[in-house]
Amino acid sequence: MILSALNDYYRRLAAQEKVPAPGFSSEKVSYALVFSHDGEPVAIDDLRDTSGKKPRPRSQQVPVDKRRTSGIHAYPLWDKTAYALGVTAGEGKRLADEHAAFKARQLALFGGCDDADLCAFLRLLKHWQPEKLAELPGYSEEMLDTNIVFRLDGQQRYLHENSMARSLWRTALENDEGVVGQCLVTGETATLGTDHPAIRGVRDAQSSGASLVSFNSDAYNSYGNKGQANAAISKVAIFGYSTALNYLLRGDSDNHQRLQIGDTTVVFWAEASDAVHAEAAEDFFAMLNEPPSDQQEAAQLGSLLGQVAQGRPLAELDPRLESGTRFFVLGLAPNAARLSVRFWCVDTLDRLARHYAQHHRDLALEPAPWKGIAPRSWWMALQTAPMRGGQKPKADDVPPQLAGELMRSILTGRRYPQSLLSNLVMRFRNDGHITGARTALCKAVLARMARLAAHSNSHTQEVPVSLDRHSTHPGYLLGRLFAELENAQRGALGNQINATIRDRYYGAASATPASVFPMLLRNAQNHLSNMRKKDKGGLAHTLEREIGAIVNGLGDTFPKHLKVEDQGRFAIGYYHQSQARFAKRDSATTPEESTQGDDT
């Protein structure tokens, strides 16, 4: 399914001339060697892009037949300098063999043609002396081991763009021998391939690329097939899926079809009635995952999602968006020399938008811990990392698979990963930061769990968005009570105390209430008495009344233990009650929660 969708996407890209034709590949090229009609080298052209801080190679569509591994294999009309020119910056133990293979490949492909440009190129190779390279104008040691192409002096195009060269190359590919069979991707009878190109651009994968389809052990062989022959995929389909995926993973600054969610690199594409609607759908999905920082734009997106949640089709809200547009989302993670598929989602754009709208409704919390629309999913996943000493969370501390599982839940509308709630509860207990963002994530997990349980006729109390004084859930009530007991401590001792009861007893209070709350209530009586002596009788009376009302809702005894779900409600109750005293103020956020996309 994944390879088939990618191959179909390649065909649409090829129709728009955005990707190379079969037998060609987009490769990074840094230099060109200019030669005369007599086959004499003239100069070196630097082709790199110098608009940035460092010169960068430019992409060119050059002939490629298969992926080069540990063996010697030369490419037509281009290659790295060790092959094409016989020079390298390293030891070059195989240098002579590599250069000889390059010359032999060119002679085999173009030796029988009478094209003047190609004949001049063959004369260049016949009389080429590697030691003469350093004498050419434009030479620098930076060109060693980079990819180079060739250009005839006086012409604008490069030799690999020569029409006769391209024709001869296509003929050579068509005459290439191979086993004929039914392709598992297209269903057509065609020549099957065994060489799958490297997939480049997945973060933390090998720089040379990694394999999406790979068999490297006898344990994976079946029916007498060996290696890649176990996957009966035609050469055309192999080229199609790999080219499309490498296009999606390209590192260009204008690539809006790629996201990074933790260790998972996410790519996405749309299938619509035409390219304009497909691009609009892709831009909309990118905005869902990277909410705009501009408050007005964020408000517009929030309003749109709100209307989607109420059942309005996307096409009514934005004519550029077609509700029936098919959308594909693929999450890839590095796994040594291979790639792991973290998630694969195929759905309509309308359904995806509804799932994102539901995600935002599940996160809804009052007072809101952020300005405008909820931050992107990776920023939310960062909240599961430790906040040591008040420092911002680090990406390396996020559990590797958690971000991918969170993204899958958002895309499909299914339950959030249980590990998300467990990690949040653990962080509350370990570092004591009961932030709004963490609480919102807790609320989202529990709200979705309760909603889906309601569909199965289970009786689960709804998770409140704002302070609910009528809730009878023990975890929520205990969280509220803990917040009021902390308020009593602060009222008696002031805000400058070294450690509050949250710093000392939050973990025990949220997990084993019966072991802590009786002692905390006794201490609270001392705090209330202290406040009355300091002419804070009004505050003491208000706190005592609030504490009494919450305790009355708990029954005769405190629970001995709270499940992890109840500990999540404890955090929500604590947050709601703690923020209640600021209800008359603007719902401003704390500095660490005020930015939407700060990856820290």
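Predicted model only: the values in this text are computed from it and were never measured. (Residues numbered from 1 in each chain as written. Predicted model: local features only at pLDDT ≥ 70, side-chain atom pairs only at ≥ 80, totals over all residues. Heavy atoms only, no water.)

## Remarks on the overall build of the protein
Phase 1 of the analysis: A tally of helices and strands in the protein yields 19 helices and 13 strands.
Phase 2 of the analysis: With the C-alpha coordinates of the protein rotated into their principal frame, the extents come out at 105 × 50 × 50 Å.
Phase 3 of the analysis: Counting only residues that meet the buried cut, the protein has 48% of its 600 residues in that class.
Phase 4 of the analysis: For the protein, restricting intrachain contacts to residue pairs at least 6 apart in sequence, the fraction spanning at least 24 positions comes to 69%.
Phase 5 of the analysis: Accessible surface for the protein amounts to roughly 29100 Å². Of this, 47% is attributable to carbon and sulfur atoms.
Phase 6 of the analysis: When the 69 positive and 68 negative side-chain charges of the protein are each reduced to one mean point, those points stand 8 Å apart. (Helix = DSSP H or I, 4+ residues; strand = E, 2+ residues; numbered from the N terminus. Buried < 20%, exposed > 50% of the residue type's maximum accessible area, 1.4 Å probe, protein only. Contact = heavy atoms within 4.5 Å. Areas by Shrake-Rupley, 256 points an atom, 1.4 Å probe, with all protein chains shown as cover. Lys, Arg positive; Asp, Glu negative; His and termini not counted. Charge placed at Lys NZ, Arg CZ, Asp CG, Glu CD.)

## Things to note about the side chain of E282
Phase 1 of the analysis: As for its placement among the helices and strands, E282 is situated in helix α7 (residues 275–289).
Phase 2 of the analysis: One buried charged residue, E282, forms no salt bridge at all, with the nearest opposite charge on K18 at 6.7 Å.
Phase 3 of the analysis: For E282, the side chain forms a polar contact with the side chain of Q257, separated by 3.4 Å. (Salt bridge = Lys/Arg side-chain N within 4 Å of Asp/Glu carboxyl O. Polar contact = N/O pair within 3.5 Å; in protein donor to acceptor, adjacent residues only side chain to side chain.)

## Some words on the sheet that holds strand β10 (residues 258–261)
Whether parallel or antiparallel, the strands of a sheet pair through hydrogen bonds between backbone atoms.
Phase 1 of the analysis: Reading across from one edge, β10-β11-β12-β13 is the order of the four strands in this open sheet, with antiparallel pairing throughout. Looking along the sheet, the strands with just one partner apiece sit at the ends: β10 and β13 (338–348). The sheet shows a mean angle of 25 degrees between the axes of neighbouring strands, taken without regard to direction.
Phase 2 of the analysis: Bridging between strand β11 (residues 264–271) and strand β12 (residues 326–335) involves seven bridges; their strand directions are antiparallel. In the sheet register, F268 faces β12, and the bridge partner there is V329. (Pairing = 2+ DSSP bridges. Axes fitted to C-alpha atoms, helices over the stretch in contact; angles between N-to-C directions.)

## A few points about the pattern of salt bridges
Phase 1 of the analysis: In the structure shown here, the tally under the stated rule is 25 salt bridges.
Phase 2 of the analysis: Across the pair E98 and R94 runs a salt bridge, and its minimum N-O distance is 3.4 Å.
Phase 3 of the analysis: For D318, the salt bridge identified is with R320, shortest N-O distance 3.1 Å.
Phase 4 of the analysis: The structure contains a network of salt bridges with shared partners spanning R12, E271 and R326.

## Let's talk about the packing of helix α16 (residues 501–511) against helix α19 (residues 564–580)
Helix-helix packing is described using two parameters, namely the angle between the two axes and the distance between the axes.
Phase 1 of the analysis: Here α16 crosses α19 at 135 degrees, and the two axes come no closer than 9 Å. The angle between α16 and α19 places the two elements in the oblique class. By crossing handedness, the relation of α16 to α19 is classed as right-handed. Taken together, the residues of α19 that come into contact with α16 (itself represented by R502, Y506, A509, S510 and A511) are Q567, F570, A571 and Y574.
Phase 2 of the analysis: Each residue belonging to the contact of α16 with α19 can be placed in one class, and the counts come to six nonpolar, two polar and one charged. (Parallel < 35°, antiparallel > 145°, perpendicular 65-115°, else oblique. Left-handed = near helix turned anticlockwise from the far one by under 90°. Nonpolar A, V, L, I, M, F, W, Y, C, P; charged D, E, K, R; others polar.)

## Description of the environment of G568
Phase 1 of the analysis: If you trace the backbone, G568 turns up in helix α19.
Phase 2 of the analysis: For G568, a relative accessible area of 0% puts it in the buried group.
Phase 3 of the analysis: For the pair G568 and S422, spaced 146 residues apart in the sequence, the C-alpha separation amounts to 8.7 Å.
Phase 4 of the analysis: In contact with G568, other than residues within four places in its own chain, are L421, V425, C442 and L446.

## What about the confidence of the model for the protein?
Keep in mind that low pLDDT regions are not for reading the predicted coordinates in detail.
Phase 1 of the analysis: On average, the protein scores 89 in pLDDT, and the residues at 70 or more come to 95%.
Phase 2 of the analysis: When the criterion is pLDDT under 50, residues 584–600 qualifies, and its contacts beyond four places in sequence or with other chains add up to 39 contacts. (pLDDT = per-residue confidence, 0-100.)

## Re the nonpolar core
Phase 1 of the analysis: Counting 87 residues, the largest nonpolar core has F285 and F517 as its most contacted members.
Phase 2 of the analysis: With eight residues, the top contributor of residues to this core is helix α14 (residues 436–455).
Phase 3 of the analysis: When near neighbours in sequence (up to four residues on either side) are disregarded, F517 contacts L478, L481, F482, L485, A509, F558 and F570.
Phase 4 of the analysis: In this structure, L6, Y9, L245 and F328 belong to the second largest nonpolar core, which totals 33 residues. (Core = buried A, V, L, I, M, F, W, Y, C linked by side-chain atoms within 4.5 Å.)

## Quick word on unusual backbone geometry
Phase 1 of the analysis: Backbone torsion omega between E366 and P367 reads -5 degrees, so that peptide bond is classified as cis.
Phase 2 of the analysis: With respect to the helices and strands, P367 occurs in the loop between α10 (349–363) and α11 (377–382).
Phase 3 of the analysis: One non-glycine residue, L77, adopts positive backbone phi at about 65 degrees.
Phase 4 of the analysis: Within the element layout of this structure, L77 appears in the loop between β4 (58–63) and β5 (78–80).
Phase 5 of the analysis: The phi dihedral of D204 is positive, around 70 degrees, even though this residue is not glycine.
Phase 6 of the analysis: Residue placement: D204 occurs in the loop between β8 (189–193) and β9 (233–234).

## Brief notes about the sheet that holds strand β3 (residues 41–46)
Phase 1 of the analysis: Across the sheet, which stays open at both edges, the four strands sit in the order β3-β2-β6-β5 with mixed pairing between neighbours. Edge strands, defined here as strands with exactly one partner in the open sheet, are β3 and β5. Recorded for the sheet is a direction-independent mean angle of 30 degrees between the axes of neighbouring strands.
Phase 2 of the analysis: Strand direction decides the pairing type here: strand β2 (residues 31–35) and β3, joined by five bridges, are antiparallel. Considered in β3, the bridge of L33 is made with I44.
Phase 3 of the analysis: Sheet strands in contact with helix α4 (residues 116–127) are β2, β3 and β6 (147–152), and its direction is about 100 degrees off that of β2.

## Looking at the side chain of E98
Phase 1 of the analysis: The residue E98 is located in helix α3 (residues 95–110) in this model.
Phase 2 of the analysis: Look at E98 and you get buried, because its relative accessible area is 8%.
Phase 3 of the analysis: Setting aside residues no more than four positions away along its own chain, E98 makes contact with I72, A82 and Y83.

## Observations regarding the packing of aromatic side chains
Phase 1 of the analysis: Under the definition given, this model contains 21 aromatic pairs.
Phase 2 of the analysis: Relative to Y574, the ring of Y506 has its centre 6.1 Å away and its plane inclined at 80 degrees; by these criteria the two rings are edge-to-face. Of the two residues, Y506 is situated in helix α16 and Y574 in helix α19; the sequence distance between them amounts to 68 residues.
Phase 3 of the analysis: Accessibility expressed as a relative area gives 3% for Y506, which makes it buried.
Phase 4 of the analysis: Relative accessible area serves as the criterion here: at 4%, Y574 is assigned to the buried category.
Phase 5 of the analysis: Over the ring of F24 we find R166; its NZ or CZ atom is 4.2 Å from the centre of that ring.
Phase 6 of the analysis: Over the ring of Y416 we find R448; its NZ or CZ atom is 4.1 Å from the centre of that ring. (Phe/Tyr/Trp six-rings, centres within 6.5 Å; stacked < 30°, edge-to-face > 60°. Lys NZ or Arg CZ within 6 Å of the ring centre and 35° of its normal.)

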